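Geometric and topological summary
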Amino acid sequence: MKVAVYQMADSGDPVQNIARAYQAIVNTDADFFALPEFFTIPGGDFRRPYTLQTCLEETALPALEMFRQASRQFRGYIIGGSIVERDADCYYNTCYVFKEGEEITRYRKINITHEEVELNICRGTQPVTFETEFGKVGLMICADCISWEVVEATCAGAKLVFLPVSLTDPNHPPFTGHPVSDIIARKYGSTVIKITRVGTFGGKTLSSRSAITTPRGTYWEAPDAREHFEVIEISETAA
């Protein structure tokens, strides 16, 4: 099983961010291709200068069309990081999954942050897993991983768990390794694929790194906090 992880740096332009993701997807041979949280939206703080409606129109809807087009050329599952979704009067932080030109499923972030609450992003209500030829796959987004109610509902029985993150605040308490992924992988016997966004926030460099964690520990880690793309083969014994 091959997983493509795109630790993507913001170009400052949503058109370029989406185009770069498209080119990476269609030129990759893998079973899964995973992007970070809010990968389309320029700036360390994805909310400025965009309103949620502007984010939807200028970044999310073009990204959805890109997923649809790219998934007709990419043979595996596209795990679309996250983008803004609107349903009636609610905006959500949503991860879409596409394959062969079709939406397979979507997941709305449940454990939203206080910044998202202030922006009037709505809280999702349903954990999401889906079946693949590689086993059950679970979806979480960033702060979901520290809600054990969400973790339990998503990870129990899941062979793979995708975790797109943004970590847009450089004042986040420092940590080494991937302690939350470690706990989840060991407790549920899952392989956790964390895909982080990189760049700057308020002139400060973000320091998070993408990683794949199995019940045995860290299986792969991005070499640093700069843009990095890699296809990782995960053996059956490791996963």
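Bear in mind that the values here come from a model prediction, so they are computed numbers and not experimental data.

Taken as a whole and judged by the stated rule, the model has 16 salt bridges. A salt bridge links Glu227 to Arg20; the shortest N-O distance between them is 2.4 Å. Placement of Glu227 in the loop between β14 (217-221) and β15 (228-233) and of Arg20 in helix α1 (residues 14-26) is noted, with a sequence separation of 207 residues between them. Residue Glu227 is classed as partly exposed on the basis of its relative accessible area, which comes to 36%. Here Glu221 and Arg209 are joined by a salt bridge, their closest N and O atoms 3.4 Å apart. Taken together, the residues span a long stretch of sequence, with Glu221 in strand β14 and Arg209 in the loop between β12 (204-205) and β13 (211-214) at a distance of twelve residues. Of the residues examined, Arg209 reaches a relative accessible area of 28% and is grouped as partly exposed. Residues participating in the shared-partner salt-bridge network are Glu85, Asp87, Glu103, Arg106 and Arg108.

What follows concerns the state of the cysteines. Tallying each qualifying case throughout the model produces one disulfide. The disulfide partner of Cys90 is Cys122, and the gap between their sulfur atoms is 2.4 Å. One quick way to see it: the torsion about the S-S bond of Cys90 and Cys122 is about -80°, and its sign makes the bridge left-handed. Of this pair, Cys90 sits in strand β5 (residues 90-99) while Cys122 sits in the loop between α3 (114-118) and β7 (128-132), placing them 32 residues apart in sequence. Among the residues examined, Cys90 registers a relative accessible area of 23% and is labelled partly exposed. According to the relative accessible area criterion, Cys122 is buried, its value standing at 18%. No disulfide involves Cys145; its nearest neighbouring cysteine sulfur is the one of Cys142, lying 6.7 Å away. With a relative accessible area of 12%, Cys145 lands in the buried category.

Here is what the cut-offs are and how they apply
- Residues numbered from 1 in each chain as written.
- Predicted model: local features only at pLDDT ≥ 70, side-chain atom pairs only at ≥ 80, totals over all residues.
- Heavy atoms only, no water.
- Salt bridge = Lys/Arg side-chain N within 4 Å of Asp/Glu carboxyl O.
- Helix = DSSP H or I, 4+ residues; strand = E, 2+ residues; numbered from the N terminus.
- Buried < 20%, exposed > 50% of the residue type's maximum accessible area, 1.4 Å probe, protein only.
- Disulfide = S-S within 2.5 Å.

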